Amino acid sequence: MGSGIWSTDVYSAAESYRAAKGDSAFAYSDSGARTVHDDLDPLGVAVRESRDSAEHPNTLAVAVLFDVTGSMGGVPRTLQTKLPDLLGLLLRKGYATDPQILFGAIGDATCDRAPLQVGQFESDNRMDEHLGKILLEGGGGGQKSESYELAMYFMARHTAIDCFEKRGRRGYLFIIGDELPYPKVKRREVGKVVGDRLRQDIPTRDLVAELTRVYDVYYILPAGTSYAGDDQVLTAWRELLGQNVLELDDLDAVCEIIALTVGLGEDAIGLQEGLDDLDELGSSAGAAVGRALARLDRGTLVVADDLDLGGKSGVIRL
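Residues numbered from 1 in each chain as written. Predicted model: local features only at pLDDT ≥ 70, side-chain atom pairs only at ≥ 80, totals over all residues. Heavy atoms only, no water.

1. Notes on the nonpolar core
Going by this rule: Note on terminology: a nonpolar core comprises buried Ala, Val, Leu, Ile, Met, Phe, Trp, Tyr and Cys residues joined through side-chain atoms within 4.5 Å. Burial classes follow relative accessibility: with a 1.4 Å probe on protein chains only, a residue under 20% of its type's maximum area counts as buried, one over 50% as exposed, and anything between as partly exposed. The criterion used for residue contact is that any of the two residues' heavy atoms lie within 4.5 Å.
Residues Phe66, Met155 and Ile258 are the most contacted members of the largest nonpolar core, which totals 97 residues. Residues within four places of Met155 in sequence aside, it is in contact with Ala63, Leu65, Leu102, Phe121, Leu173, Leu211 and Tyr215.

Here it is as structure tokens:
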């Protein structure tokens, strides 16, 4: 996978075709599907690959996995509508030369029909097709936890990415959610959902240490979700990922924060340059993204609208 080139024209044509037919971009889920689409089923999948080719010689793996339970069900719809913006920033602004993007969805392995859905790493408009095949289950277990650790297990042990294997550069994994991971990757759930036979459960902390060798992992907690701003959720994730826990006060800014995080990580931009790019794009997400990413920008200590600087607000640089 990963061949081809993203085309906004192809995306727009597909949107127009769906609109003319009265179809949803998430036709699989909206048609009443109740099981994981075959193309996204992780059971028995040996590996999802991001590989170099003559067409894409310098690939960068970017995986976006989002919770589709409860209040998080709107996130993939937002991602789908903003795909041109995401790819425009990554490609036209030079944040990444050959990005290959994988989309997936996270549920609850204790009760959901679709606890894990994983697409392929793609460079072209097939990423839009994979998004459209996601089952937006909207369930969840109601106990403030979802199976994020199962998704991280798959990414750690069932992906292979050339940016790391050939060049020693980690890929990017974004987890978008609003709840806690379970404390252990359970061997029984791995067997049922992925098909691996583990000898014992794996503590989530150990699994994260394994995963972060290969990926820079970010957890994004958007506003407007059930546990936005929840101290327990934020503390648990910060214990696992440190500063890579981002609070986003605008759900519609998910694509922008992903793009700018990659741009910062690749040293392609500084934060202000990225915010200027958003302004040029006509995006209204700049303020929310700036607040969320302030601590990731090298050399930036604080960015805040209400910072007390003798009546002034702004940026403090080291």
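2. Here's the deal with the packing of aromatic side chains
Put simply, the rule reads: Ring pairs shown here join Phe, Tyr and Trp side chains whose ring centres sit within 6.5 Å, with only the six-membered ring taken for Trp; geometry is labelled stacked below 30 degrees between planes, edge-to-face above 60, and tilted in between. Helix numbers and strand numbers start at the N terminus; a helix is a DSSP run of H or I with at least 4 residues, a strand a run of E with at least 2. Here, over-ring charges are defined by two tests on the NZ atom of lysine or the CZ atom of arginine: distance to the ring centre within 6 Å, and angle to the ring normal within 35 degrees.
Under the defined criterion, the tally for this structure stands at five aromatic pairs. With a centroid separation of 6.1 Å and an interplanar angle of 85°, the aromatic rings of Tyr148 and Tyr219 are classed as edge-to-face. In this pair, Tyr148 is assigned in helix H6 (residues 148-157) and Tyr219 in strand E11 (residues 215-222), connecting sequence segments 71 residues apart. When the centroid spacing of 4.1 Å and the interplanar angle of 10° are considered together, the rings of Tyr219 and Trp237 count as stacked. One end of the pair, Tyr219, is in strand E11; the other, Trp237, is in helix H10 (residues 231-241), with 18 residues separating them in the sequence. An aromatic cluster of at least three residues, connected via ring pairs, comprises Tyr148, Tyr219 and Trp237. In this structure, Lys186 is placed above the aromatic ring of Tyr182, and the distance from its NZ or CZ to the ring centre is 4.1 Å.

3. With respect to the pairing of strand E2 (residues 59-67)
Heads up, the rule is: The rule for pairing is simple: two strands pair if DSSP sees at least two bridges between them.
Within E2, nine of the nine residues are buried, which leaves the element mostly enclosed by the surrounding structure. Both faces of E2 are covered, namely the face carrying Thr59, Ala61, Ala63, Leu65 and Asp67 and the face carrying Leu60, Val62, Val64 and Phe66. Of the pairings in the sheet, the one linking E2 to strand E3 (residues 98-106) comprises nine bridges and is parallel in character. Bridged to Phe66 within E3 is Ala105. Sheet topology places E2 next to strand E7 (residues 171-176); five bridges connect them, and they run parallel. Bridging from a neighbouring strand, Phe66 pairs with Ile176 of E7.

4. Looking at the packing of helix H11 (residues 254-265) against helix H12 (residues 271-281)
Two measures define how a pair of helices packs: the angle their axes make with one another and the distance between the axes. Spelled out, the test is: For every element, the axis is a line fit to its C-alpha atoms; helices are fit only across the contacting stretch, and the angle between N-to-C directions ranges from 0 to 180 degrees. Here is the rule for handedness: rotate from the far helix to the near one, and if that takes an anticlockwise turn smaller than a right angle the crossing is left-handed, while a clockwise turn gives right-handed. Each residue gets one label: Ala, Val, Leu, Ile, Met, Phe, Trp, Tyr, Cys and Pro are nonpolar, Asp, Glu, Lys and Arg are charged, and the others, such as Gly, are polar.
Running from N to C, H11 and H12 cross one another at 145°; their axes reach a closest spacing of 10 Å. The interaxial crossing formed by H11 with H12 has right-handed handedness. From H11, Glu256, Leu260 and Leu264 reach across to H12, where they touch Leu271, Gly274, Leu275 and Leu278. For the contact of H11 with H12, the class distribution of residues is five nonpolar, one polar and one charged.

5. Quick word on helix H9 (residues 204-211)
The line we're drawing: Each direction from the helix axis to a C-beta atom contributes to the arc, which is the arc of those directions.
Within H9 the residues assigned to the buried category are Thr204, Leu207, Val208 and Leu211. When H9 is viewed along its axis, its buried side chains cluster within an angular range of 100° and face the same direction.

6. Brief notes about the confidence of the model for the protein chain
Keep this limit in mind: The predictor rates its confidence in each residue with pLDDT, a number between 0 and 100.
Overall, the predicted model of the protein chain reaches an average pLDDT of 86, with 90% of residues at or above 70. When the criterion is pLDDT under 50, residues 298-318 qualifies, and its contacts beyond four places in sequence or with other chains add up to 33 contacts.

7. Considerations on the environment of Tyr219
We count it as follows: Nitrogen and oxygen atoms within 3.5 Å of one another constitute a polar contact, given that in protein one can donate a hydrogen and the other can accept it, and given that sequence-neighbouring residues count only through two side-chain atoms.
Judged by its relative accessible area of 0%, Tyr219 falls in the buried class. Separated by 43 residues in the primary sequence, Tyr219 and Ile176 place their C-alpha atoms 5.9 Å from one another. Among residues more than four places away in sequence, those in contact with Tyr219 are Tyr148, Ile175, Gly177, Asp178, Glu179, Val233, Trp237, Leu241, Asn244, Val245 and Leu246. Looking at Tyr219, its side chain comes within polar contact range of the main-chain nitrogen of Asp178, at 3.1 Å. In this structure the side chain of Tyr219 is engaged in a polar contact, spanning 3.2 Å, whose partner is the backbone nitrogen of Glu179.

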